[in-house]
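# Topology and contacts: notes
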Amino acid sequence: MIYLKTPEEIELMRRAADLTSRVLGEMAKWVKPGVTTHKIDSVAKEFILDNGGRPACLGYGGFPGAVCIEVNEVVVHGFPSSYSLREGDIVGLDVVAELNGYNGDMCYTFPVGEVSEDVLKLMRTTKESLYKGIEVCREGNRIGDIANAVQTYVERRGYTVVREMCGHGIGRKMHEDPEVPNYGRRGTGALIKNGMCICIEPMINLGSRNIVIEKDGWTCRTKDRKPSAHYEHTIAVLDGEPDVLTTFDYVKEVLGDRFI
Ligand code: MF3
Ligand code: CO
């Protein structure tokens, strides 16, 4: 069941998404060699709570962190841990903040210090594919149009799409209908309507598309242990057009000319 939001609800979604975006900006300040992923998690948790929100991942289905932390070959749902970031790593920070009963969800993959040109290109292409998906997230199109836009963009450049994990609807719940895959055929899937709020989140691999879920039941990594990149925005369809509720502007402020 897809819940279409009223313009008033979309304004509440925008406030939750803004908090989520500011959390990502706070975490960005800590992405550097030697910092543990636990530290980044606690920075996010405190910032959300201090601003009247709730870290929606914490306790969700038993998830142990306030945010998901994805180092190198981890695709999604990595646990915060005592691991210290190292020069050359990449790290995806995926955060969901609930504010006044509505959720914002986003992810940005950061380079830690200098990373190889190959990996930088994977990150850039993944981020660009997110915007290719957003462009076609408009009234009258279908979810398959988004899926196809992402898939076509990355596969033409030699990367692979993780198929087992998808984007999703969002609102009062972090995960609502519809599912938003990153591969598929144009003209298929649910019709996009005004009031629809979805998360588009390409998870793109440098090597093969195959994944493995670790024994902890959560951590999803590439089977070949090659790196994977992940970017995500929360988007509402308003007046027929995509309205991106989350923003990477706060991350950009922190990274300066290192923003990709
Ligand atoms: N953005 C992630 C997702 O949509 C958030 C997961 S939170 C978790 O799957 F608790 F499920 F890990
Ligand atoms: Co999501």
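Provided above is the structure to which this section pertains.
Since the model is a prediction, treat every value here as computed from it, not as a measurement.

Looking only at helices and strands, one finds 5 helices and 15 strands in the protein. For 260 residues, the compact-globule estimate of 2.2 N^0.38 gives 18 Å, and the C-alpha radius of gyration of the protein, at 17 Å, lies within 12% of that figure. Seen along its three principal axes, the alpha-carbon backbone of the protein occupies a region of about 45 × 45 × 40 Å. Counting all 260 residues of the protein, 55% fall into the buried class. Look at the contacts in the protein between residues 6 or more apart in sequence, and 71% of them connect residues 24 or more apart. With the model as given, the accessible surface of the protein reaches about 11,000 Å², and the carbon-plus-sulfur share is 47%. On the protein, the mean spot of the 32 positive side-chain charges and the mean spot of the 38 negative ones are 4 Å from each other.

Turning our attention to the packing of helix H1 (residues 7-28) against helix H2 (residues 37-50). For the pair H1 and H2, the least separation of the axes is 9 Å and the interaxial angle reads 145°. When you trace H1 past H2, the crossing you get is right-handed. Within the contact between the two elements, H1 uses Leu19, Arg22, Val23, Glu26 and Met27 and H2 uses Ile40, Val43, Ala44, Phe47 and Ile48.

On to unusual backbone geometry, then. Of the consecutive residues Asp177 and Pro178, the connecting peptide bond is found in the cis state with omega at 0°. At Arg225, a residue that is not glycine, the phi angle is positive and equals roughly 60°. Checked against the element boundaries, Arg225 lands in the loop between strand E12 (220-222) and strand E13 (228-230).

Let's shift gears to the pattern of salt bridges. Taken as a whole and assessed by the stated rule, the structure comprises 9 salt bridges. In this structure, Asp243 engages Arg14 in a salt bridge whose closest nitrogen and oxygen atoms are separated by 3.0 Å. Here Asp243, found in strand E15 (residues 241-244), pairs with Arg14, found in helix H1; they are 229 residues apart in sequence, far enough to count as distant. A relative accessible area of 25% places Arg14 in the partly exposed class. In this structure, the salt-bridge partner of Glu73 is Arg225, at a minimum N-O distance of 3.9 Å. Note that Glu73 is positioned in the loop between strand E2 (68-71) and strand E3 (74-76) and Arg225 in the loop between E12 and E13, a separation of 152 residues in sequence. In this structure Glu73 comes out as partly exposed when scored by relative accessible area, which is 22%. By relative accessible area, Arg225 is classed as partly exposed at 49%. If you follow the salt bridges from partner to partner, you end up with Glu11, Arg14 and Asp243 in one network.

The rules behind these values
- Residues numbered from 1 in each chain as written.
- Chains lettered and ligands numbered in written order.
- Predicted model: local features only at pLDDT ≥ 70, side-chain atom pairs only at ≥ 80, totals over all residues.
- Heavy atoms only, no water.
- Helix = DSSP H or I, 4+ residues; strand = E, 2+ residues; numbered from the N terminus.
- Rg over C-alpha atoms; globule rule 2.2 N^0.38 Å.
- Buried < 20%, exposed > 50% of the residue type's maximum accessible area, 1.4 Å probe, protein only.
- Contact = heavy atoms within 4.5 Å.
- Areas by Shrake-Rupley, 256 points an atom, 1.4 Å probe, with all protein chains shown as cover.
- Lys, Arg positive; Asp, Glu negative; His and termini not counted.
- Charge placed at Lys NZ, Arg CZ, Asp CG, Glu CD.
- Axes fitted to C-alpha atoms, helices over the stretch in contact; angles between N-to-C directions.
- Left-handed = near helix turned anticlockwise from the far one by under 90°.
- Salt bridge = Lys/Arg side-chain N within 4 Å of Asp/Glu carboxyl O.

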